[in-house]
Amino acid sequence: LGSLGADLSVLTTNPAGLAWYRSSEISITPGVAGLSAKSRLTTGLANPEESESVTSFILGNAGLVIHSRPKQPSKWRTFNFAASLSRTVSFRRELYYTGESPGSMTDRFVELANGYLPEELEQIDPFEAYPAWQVFAIDNPDPDAPRTYVNDFAAQPSVMRSQSLVERGSIMELALSFATNYDEKLMLGATIGFPLLNYEYRSAYNETDIDSIDVFEALDFNEQLDTRGIGVNLRLGFIYRASQLVRVGLAFHTPSWISMDDTWSTTIAFLNDVNFERLEAESPIGEFSYNLATPWRVIGSAGMVFGASGFLTAEVEYLDYGSANFNFTKNDPSFQGEESSVNRQIDDQLGSAIAVRVGGEMAWEVFRFRAGLGLQQSPFQDDRSLNESIHFGLGIRENGFFLDLGYRYFNMKEGYVPYTLVSPSRQQQVDLTTNRSDFLLTLGFRF
């Protein structure tokens, strides 16, 4: 609706659409989100596909529009203000996979530990390498090479592995907007947004011996991460009504500058087959504060309004994912190396992408019938795949209120890597297909 407006959703796309309002309005959009994920470990042979699903209640949007007109005759026809709270991102996901494949997460622990004495590991890496050494998942048995570590997987035998992963949270954005209408031809608008980020990650990873590996019998590695953040961004937009039929719009979004705080910890347990002793180690509680700048974006839009019969609309959005960057040195300049490494990975792996959205509405008496399609390019430089979403809606319009029911189906295919190694060819690979269905009910009143 970027070029058409008169809907609270435009506060997060093209705020100039706020200028089309001819009355004040209050609305709320609760909903239900259903999410399913199919996962298959493709490293190894004939591993099964596993499915997980979850349903949750959500608040899609709630907001208020205040409409005003100049007291004296003027070509500036409206001065509208709005405030809304919108869910712009959902992190909710659950996945589970299991299967047999060669390699072990202890390969990662060896790579992290090599080059350091055991007493140095407690300071260098108290979350993975040091607890792995404590429980003998890795060892440095050669007194002449105390900085060199080994595990029980020199021959790269196969193990049975599984992982259960749960992600929760969202980005809710408080948006404050202003828009004005000049001579029913030009609409100008601006939004100041305050994203509020809440994210939780829980992972339970397991490996079990199936090839009679010496010493090794089983490994459990659990992770938890909690992230909180608050930020600010700016959106500027305009709409030009070329004729009664055609309208075009353009919007610019600055990055969101978000201040974030992480809290995380890990636990590891190792079971050997010598005396079947299970050793456990728990990391300290880690805390870190940093800044994130998200990608900037540009949205072009066009719409055709067929009087009281309905409309057609389209948007093209350009995002430069490679322009995102982290700042790890706001509290401690010693993290300059890690900051440069992560931002270099972003620049090397992520690029620009285009999203296209098309849709329309047909009106019949007080009823509204809607449908739409969205296509989104992958953010990865060498991946030209498309993720699609399908939308349907039904609405009722009366003089003082309106009721809308919307449905969105979203499908995304991606790869998931349980743990990273220096050599990507030795990493585990999981194919993940995510399907999401959102049912949203909007109730609004005009006054």
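Figured I'd write up the structure that's included with this text. Values in this document were obtained by computation on a predicted structure and should not be read as measured data. (Residues numbered from 1 in each chain as written. Predicted model: local features only at pLDDT ≥ 70, side-chain atom pairs only at ≥ 80, totals over all residues. Heavy atoms only, no water.)

1. Concerning the overall build of the protein chain
So, step 1. From N to C terminus, the protein chain includes four helices and 19 strands.
So, step 2. Along the longest, intermediate and shortest principal axes, the C-alpha atoms of the protein chain span 90 × 45 × 35 Å.
So, step 3. Residues counted as buried form 43% of the 447 residues belonging to the protein chain.
So, step 4. Sequence separation of 24 or more characterises 69% of the internal contacts of the protein chain that already satisfy a separation of 6 or more.
So, step 5. Accessible area for the protein chain stands at about 21800 Å²; split by element, carbon and sulfur atoms hold 59% of it. (Helix = DSSP H or I, 4+ residues; strand = E, 2+ residues; numbered from the N terminus. Buried < 20%, exposed > 50% of the residue type's maximum accessible area, 1.4 Å probe, protein only. Contact = heavy atoms within 4.5 Å. Areas by Shrake-Rupley, 256 points an atom, 1.4 Å probe, with all protein chains shown as cover.)

2. Observations regarding helix α1 (residues 106–113)
So, step 1. Most of α1 sits out of view: six of its eight residues are buried.
So, step 2. Of all the positions in α1, only Thr106, Asp107, Arg108, Phe109, Val110 and Ala113 are classed as buried.
So, step 3. Contact partners of the buried residues in α1: α2 (118–124), α3 (129–134), β7 (216–241) and β9 (257–272).
So, step 4. Positive phi shows up at Gly115, right after α1, with a value of about 100 degrees.

3. A word on the pattern of salt bridges
So, step 1. Scanning all chains against the criterion turns up 25 salt bridges.
So, step 2. Ionic pairing is found between Glu94 and Arg92, a salt bridge with its closest N-O pair at 3.4 Å.
So, step 3. The class for Glu94 is buried, based on a relative accessible area of 16%.
So, step 4. Here Arg228 ties to Glu200 by a salt bridge, and the two come within 3.8 Å at their closest N and O atoms. Placement of the pair is Arg228 in strand β7 and Glu200 in strand β6 (residues 186–209), with a sequence separation of 28 residues. (Salt bridge = Lys/Arg side-chain N within 4 Å of Asp/Glu carboxyl O.)

4. Concerning unusual backbone geometry
So, step 1. Its identity as a non-glycine residue notwithstanding, Ala46 has a phi of 55 degrees, on the positive side.
So, step 2. Note that Ala46 resides in the loop between β1 (25–41) and β2 (49–66).
So, step 3. Despite not being glycine, Val215 shows a phi value in the positive range, around 75 degrees.
So, step 4. Here Val215 is to be found in the loop between β6 and β7.

5. Overview of the environment of Pro379
So, step 1. As for its placement among the helices and strands, Pro379 is situated in the loop between β16 (367–377) and β17 (386–397).
So, step 2. Between the alpha carbons of Pro379 and Leu319 there is a distance of 8.7 Å; along the sequence they are 60 residues apart.
So, step 3. Apart from the residues within four sequence positions on either side, Pro379 is in contact with Tyr321, Gln349, Leu350 and Gly351.

6. Some remarks on the pairing of strand β18 (residues 401–416)
So, step 1. By the bridge criterion, ten bridges tie β17 to β18 in an arrangement that is antiparallel. From the neighbouring strand, Ser389 faces β18, where its bridge partner is Phe410.
So, step 2. Two successive antiparallel strands, β17 and β18, enclose a turn made up of three residues. (Pairing = 2+ DSSP bridges.)

7. Re the packing of aromatic side chains
So, step 1. In total, this model carries 19 aromatic pairs according to the counting rule given.
So, step 2. Consider the rings of Phe153 and Phe216, whose centres lie 4.9 Å apart with planes at 65 degrees: the pair is edge-to-face. Separated by 63 residues along the polypeptide, Phe153 in the loop between α3 and β5 (158–182) and Phe216 in strand β7 bring together distant segments of the chain.
So, step 3. On the basis of relative accessibility, which here comes to 2%, the residue Phe153 falls in the buried class.
So, step 4. What links up through ring pairs into an aromatic cluster is the set Phe288, Tyr290, Phe326, Phe328 and Phe335.
So, step 5. Above the plane of the ring of Trp20 lies Arg247, whose end atom (NZ or CZ) is 4.2 Å from the centre. (Phe/Tyr/Trp six-rings, centres within 6.5 Å; stacked < 30°, edge-to-face > 60°. Lys NZ or Arg CZ within 6 Å of the ring centre and 35° of its normal.)

8. Some remarks on the side chain of Ser104
So, step 1. Inspection of the secondary structure puts Ser104 in the loop between β4 (93–102) and α1.
So, step 2. Accessibility expressed as a relative area gives 0% for Ser104, which makes it buried.
So, step 3. Those residues in contact with Ser104 that lie beyond four places of it in its chain are Phe153, Arg161, Glu207 and Tyr419.

9. Overview of the nonpolar core
So, step 1. Counting 42 residues, the largest nonpolar core has Tyr97, Met105, Phe109, Ile138, Phe216, Leu219 and Ile268 as its most contacted members.
So, step 2. Not counting residues within four places of it along the chain, the set of residues in contact with Ile268 comprises Phe109, Pro131, Ala132, Val135, Leu219, Asp220, Phe221, Leu279, Glu280 and Ala281.
So, step 3. Formed by 14 residues, the second largest nonpolar core is a distinct cluster that contains Val10, Leu18, Ala19 and Ala175. (Core = buried A, V, L, I, M, F, W, Y, C linked by side-chain atoms within 4.5 Å.)

10. Describing helix α4 (residues 336–349)
So, step 1. Here α4 is 14 residues long and its end C-alpha atoms lie 20 Å apart, about the 20 Å a rise of 1.5 Å per residue gives.
So, step 2. Along α4, the residues classified as buried are Glu339, Asn343 and Ile346. End-on view of α4: buried residues confined to an arc of 50 degrees, all on one side of the axis. (Expected span 1.5 Å × (residues − 1). Arc of directions from axis to C-beta.)

11. Notes on the side chain of Thr78
So, step 1. Counting through the fold element by element, Thr78 comes out in strand β3 (residues 76–90).
So, step 2. Overall, the relative accessible area of 0% leaves Thr78 in the buried class.
So, step 3. Among the polar contacts listed, one links the side chain of Thr78 to the backbone oxygen of Ala19, at a separation of 3.2 Å.
So, step 4. In contact with Thr78, other than residues within four places in its own chain, are Ala19, Tyr21, Arg22, His67, Ser68, Ala179, Thr180 and Asn181. (Polar contact = N/O pair within 3.5 Å; in protein donor to acceptor, adjacent residues only side chain to side chain.)

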